[in-house]
Amino acid sequence: EGITELRESLTNPNQQAMAETYLYEYAKMHIERSKPTRRSGTIRQYNVSLKKIQSYEKRHRLKLRFKDVDMTFYNRFVNHCMQDLNLANNSISTHIKNIKMWMNAALDDGLHTSTAHQSRSFKKIDVPADTIYLTEEELHRIRTAIMPNKHLENARDIFLLACYTGVRSQDY
């Protein structure tokens, strides 16, 4: 399906014209172009951002042109993500980062001259993360705790290994 869409976007003048004008269409084409060189997780992230743009367009009953991506859009998009979609700041930041990437790529491709997305105010949302950690004393208490069975001892040992090495639980 991806190759068919890419062929269509390159050979269908209407599809190409839409990609030259509208952010959503361009981003779709850019994702297809990126598939051979990007990891599947990155492509998945791009597609999620694309769905957020689509949700924004539907909510505001419009199709975003490159020239529409300005500070007004930024503020409305962030508000839409926070209020309507109940997204966390890190998620919104990822979508802003992707929108900026597509806008820069389209600018490099000569499809628009808008630079509003390059403003210092058009940025990812920086919120300090809550750093939660165990103290050495707490780790010692876990390490010396008596476990009722071998299974829990193994789980504890793996957990402590992750604590001391910084390995994420998803990696083991």
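For the structure itself, consult the block above.
Everything numeric here is computed off the predicted structure, so don't read it as measured data.

Enquirer: Go over helix H8 (residues 150-165), please, and point to the residues and values.
Expert: An α-helix turns once every 3.6 residues. As a result, residues three or four positions apart point the same way. Its 16 residues give H8 an end-to-end C-alpha distance of 22 Å, which sits within 8% of 22 Å, the value for a rise of 1.5 Å per residue. In the core, the buried residues of H8 are packed alongside helix H7 (136-144). Phi turns positive, to about 85°, at Gly 166, one or two residues after H8.

Enquirer: So what about the side chain of His 30? Which residues, and what values?
Expert: Turning to its location among the elements, His 30 is positioned in helix H3 (residues 23-34). With residues up to four places along the chain from it excluded, the contact list for His 30 reads Met 101, Trp 102 and Ala 105.

Enquirer: Tell me about the packing of helix H5 (residues 71-84) against helix H6 (residues 89-108), and please be specific about residues and values.
Expert: It is the contact of H5 with H6, at a shortest axis distance of 10 Å, that shows an interaxial angle of 145°. Considering only the axes of H5 and H6, their crossing is right-handed. Contacts from Phe 73, Tyr 74, Phe 77, Val 78, Cys 81 and Met 82 in H5 reach Asn 89, Ile 92, His 95, Ile 96 and Ile 99 in H6. For the contact of H5 with H6, the class distribution of residues is nine nonpolar, two polar and no charged.

Rules and cut-offs
- Residues numbered from 1 in each chain as written.
- Predicted model: local features only at pLDDT ≥ 70, side-chain atom pairs only at ≥ 80, totals over all residues.
- Heavy atoms only, no water.
- Helix = DSSP H or I, 4+ residues; strand = E, 2+ residues; numbered from the N terminus.
- Expected span 1.5 Å × (residues − 1).
- Contact = heavy atoms within 4.5 Å.
- Axes fitted to C-alpha atoms, helices over the stretch in contact; angles between N-to-C directions.
- Left-handed = near helix turned anticlockwise from the far one by under 90°.
- Nonpolar A, V, L, I, M, F, W, Y, C, P; charged D, E, K, R; others polar.

The quantities given are spatial measurements derived from coordinates; they are silent on function.
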